[in-house]
There are 2 protein chains.
Amino acid sequence: MNIYDISNKAGVSIATVSRVINGNTNVSPKTREKVMAIIDEYGYTPNAFARGLGLNSMNTVGILCADSSDPYLARAIYLLERDLRGNGYDSILCCTGYHVKTKQKYLNLVLSTKRVDAVILVGSNFVEVQDEKNQYIRDVAKNVPIMIINGAMDGENIYSVLCDDFRAVYDVTKALIRCGQSNILYLYNSLSYSGLKKVAGYRAAFEDEHLMVKEDYIQYFEGNIIEVKNHLLKLSNKGFDFNAIITSDDNLAIGALKYAKEKGIKIPTELSIIGYNNSMITECCEPELTSIDNKLETVCKNCVSSLMSVFAGDDVPLKTVFSADLVKRGTTFL
Amino acid sequence: MNIYDISNKAGVSIATVSRVINGNTNVSPKTREKVMAIIDEYGYTPNAFARGLGLNSMNTVGILCADSSDPYLARAIYLLERDLRGNGYDSILCCTGYHVKTKQKYLNLVLSTKRVDAVILVGSNFVEVQDEKNQYIRDVAKNVPIMIINGAMDGENIYSVLCDDFRAVYDVTKALIRCGQSNILYLYNSLSYSGLKKVAGYRAAFEDEHLMVKEDYIQYFEGNIIEVKNHLLKLSNKGFDFNAIITSDDNLAIGALKYAKEKGIKIPTELSIIGYNNSMITECCEPELTSIDNKLETVCKNCVSSLMSVFAGDDVPLKTVFSADLVKRGTTFL
DNA sequence: TTGTATGCGTTATCAT
DNA sequence: ATGATAACGCATACAA
């Protein structure tokens, strides 16, 4: 059943059928009704491929992320897909892993097939510190608009939507210092755009309070919950003394919690812990985890609506920054 | 840059270019090389829409799930996307929510656009108990193969891959009973295919041990972690006496854990808790949660490879059932 | 081995 | 308001 069949049965030309389908106004009400009746009767739906060929678009956007099973990214994908679908766009998912090489490969793959109208990069890990490594993204942006969530990058046709991670960590670090807890361990596992912003926030808070930044209190560590716990045990045994831990990620904070449990350290009396992302696991532990909420829903909503504006040819800010919130739970006195 | 441009520059016909692109053997090595050189030089990639129009396929499958931000479903999606891409297929994600009406709407939407080569339904909640409500799935299966993960349904062109949830709960219930813990609360939040299988396993274990099934120990409850906790507190205050809780879901089990914490009940000494899915949150709590692992990775792998067989026209089992594993952690003595 | 011609099902342009 | 027809870019049957 194609447009010719319908046009035959309705006794009109395919052009008229096409006009009816696409809501073109230049059709008499009578004709429209007649055609619609036939369409309904035979349950005709236009062939998406043919339409794609003609319009050079199938209303599809590519969502790229390192690992969609990460709960935080999974939520972002959920929110994006929902809003995109609400605007009539399908989402093609593509998990790239964390290596630049594979990211590049998949971005080019998704694009080279030239079937997506835009690409959304979810997670600041898509923005490399060495800017020349981001060139491949700029290349792709010559063809389709690129939206970056939680990271920022300059470039034509590249739009960034994110939270002010620097400020968030800065504020929380300062607050802890002012509570007298200046032995603050900063634990992070990402050297991405936002990962580095967070560290910078930590440093700046100390500097603004005229305190020395102890470099060995800034710990980069990759590993699962158990490994984080063991790492902290090791640090503690080495004589490290800390009364607060800020992490770049809720998972790390869970590891810190496990460490405290194992050492019999009371929380938050003897140790404050602050996570990042305000993910669902903040409510799975005991006590529940204080965490920085970087407003994922707001960011995703804005991303999609901005993208729609880009499609519409409207002016869209290259960079949109929201502020984060501290969600206070049981692991701090704040 | 299209196939005509390439054919001109290479001094051959478009048919030859097409043959080169598609790896057809009937091309002389010399010609192939010449054409490839031009293709590389101009960075030509075939237009996916045009190709889709001719072949009536763009190598895309639709992945439908109720809520991709659910960590368990998110992991399934991750695994499926990975394996599909490994086979050259893109994944279109579509979150349907939990209502039959919207599921039907989205399934028809994804299909009516006729752009997917198959549909994977992730989660047993797609299979309704009242079989007539599943008719819409059978209707869609007339057009494209349907794969169901974690649920099973009869029907032409419908393939189910799942774990034996009945057996898993049966075994674990029996084990608890034989440890003398026969006051077992069964807590569940899903009336789906697998949800009911699990309950049936619980019942069967009691019957096979010649014990009465206490109906009020089978509790259906929907709600978040806190609500589950409060529900259990209420039950306890009403005089319910239980020394073990089996849940249909890890989240419910976390609620049970919180309940125990609040009441000062020792785990596992005074209360055993067993979750389901072996999701990552099993490792976020204290003590860590014993949980039934329904082999998601195995199931997803099998699903994709079965789908490829379906595409190839090979014989594929309509139903593939794996056995589940109990992963023992800190909330049981088992 | 290579080329010609046609079909795939739309949308859009131009007449009428 | 409606119709005829040309793109859109590829795959492929058939011819050579």
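Residues numbered from 1 in each chain as written. Chains lettered and ligands numbered in written order. Predicted model: local features only at pLDDT ≥ 70, side-chain atom pairs only at ≥ 80, totals over all residues. Heavy atoms only, no water.

**Comments concerning the pairing of strand S2 (residues 90-95) of chain B**
Along S2 of chain B, six of the six residues are buried, which leaves the element largely enclosed by surrounding structure. On S2 of chain B, burial covers both faces: Asp90, Ile92 and Cys94 of chain B on one face and Ser91, Leu93 and Cys95 of chain B on the other are all buried. Taken together, the three bridges between strand S2 (residues 90-95) of chain A and S2 of chain B define a ladder with antiparallel strand orientation. In the sheet register, serine 91 of chain A faces S2 of chain B, and the bridge partner there is leucine 93 of chain B. Here six bridges tie strand S1 (residues 60-65) of chain B to S2 of chain B, and the two strands are oriented parallel to one another. Paired with leucine 64 of chain B across the two strands is cysteine 94 of chain B, which belongs to S2 of chain B. What joins S1 of chain B to S2 of chain B is helix H5 (residues 71-86) of chain B, and the crossover it makes is right-handed. (Buried < 20%, exposed > 50% of the residue type's maximum accessible area, 1.4 Å probe, protein only. Helix = DSSP H or I, 4+ residues; strand = E, 2+ residues; numbered from the N terminus. Pairing = 2+ DSSP bridges. Right-handed = clockwise from strand over helix to strand, strands pointing away.)

**Here's the deal with the relation of the copies chain A and chain B**
Placing chain A over chain B gives an RMSD of 0.1 Å and needs a rotation angle of 180°, together with 0.0 Å of translation along the axis. Accordingly, the operation relating the two chain copies is best matched by a two-fold axis. In this assembly the copies share their binding face: 100% of the residues contributing to the interface of chain A also contribute to that of chain B. (Least-squares fit on C-alpha atoms with pLDDT ≥ 70 in both. Contact = heavy atoms within 4.5 Å.)

**A closer look at the protein's contact with DNA strand C**
The environment of DNA strand C is formed by 27 residues, the closest being Ile3, Ser18 and Tyr44 of chain A together with Arg19 and Thr31 of chain B. Atoms of DNA strand C within 4 Å of the protein belong to the sugar or the phosphate in 63% of instances, the rest to bases. One of the side-chain N or O atoms of asparagine 22 of chain A is found 3.1 Å from a phosphate oxygen in DNA strand C. Elements with a contribution of two residues or more to the surface near DNA strand C: helix H1 (3-10), helix H2 (14-21) and helix H4 (48-55) of chain A together with helix H2 (14-21) of chain B. Its residues assigned to classes, the surface near DNA strand C shows 14 nonpolar, 11 polar and two charged. (Near = heavy atom within 4 Å. Polar contact = N/O pair within 3.5 Å; in protein donor to acceptor, adjacent residues only side chain to side chain. Nonpolar A, V, L, I, M, F, W, Y, C, P; charged D, E, K, R; others polar.)

**Here we look at the sheet that holds strand S11 (residues 319-322) of chain A**
If you walk across this open sheet you meet the 12 strands as S11(A)-S5(A)-S4(A)-S3(A)-S1(A)-S2(A)-S2(B)-S1(B)-S3(B)-S4(B)-S5(B)-S11(B), and the pairing is mixed. A strand with exactly one partner marks an edge of an open sheet, and here the two such strands are S11 of chain A together with strand S11 (319-322) of chain B. Strand-to-strand twist in this sheet, taken as the mean axis angle between neighbours without regard to direction, amounts to 20°. Sitting on the sheet, helix H5 (residues 71-86) of chain A is in contact with strand S1 (60-65), S2, strand S3 (118-122) and strand S4 (146-149) of chain A together with S2 of chain B, with an inclination near 80° to S2 of chain B. (Axes fitted to C-alpha atoms, helices over the stretch in contact; angles between N-to-C directions.)

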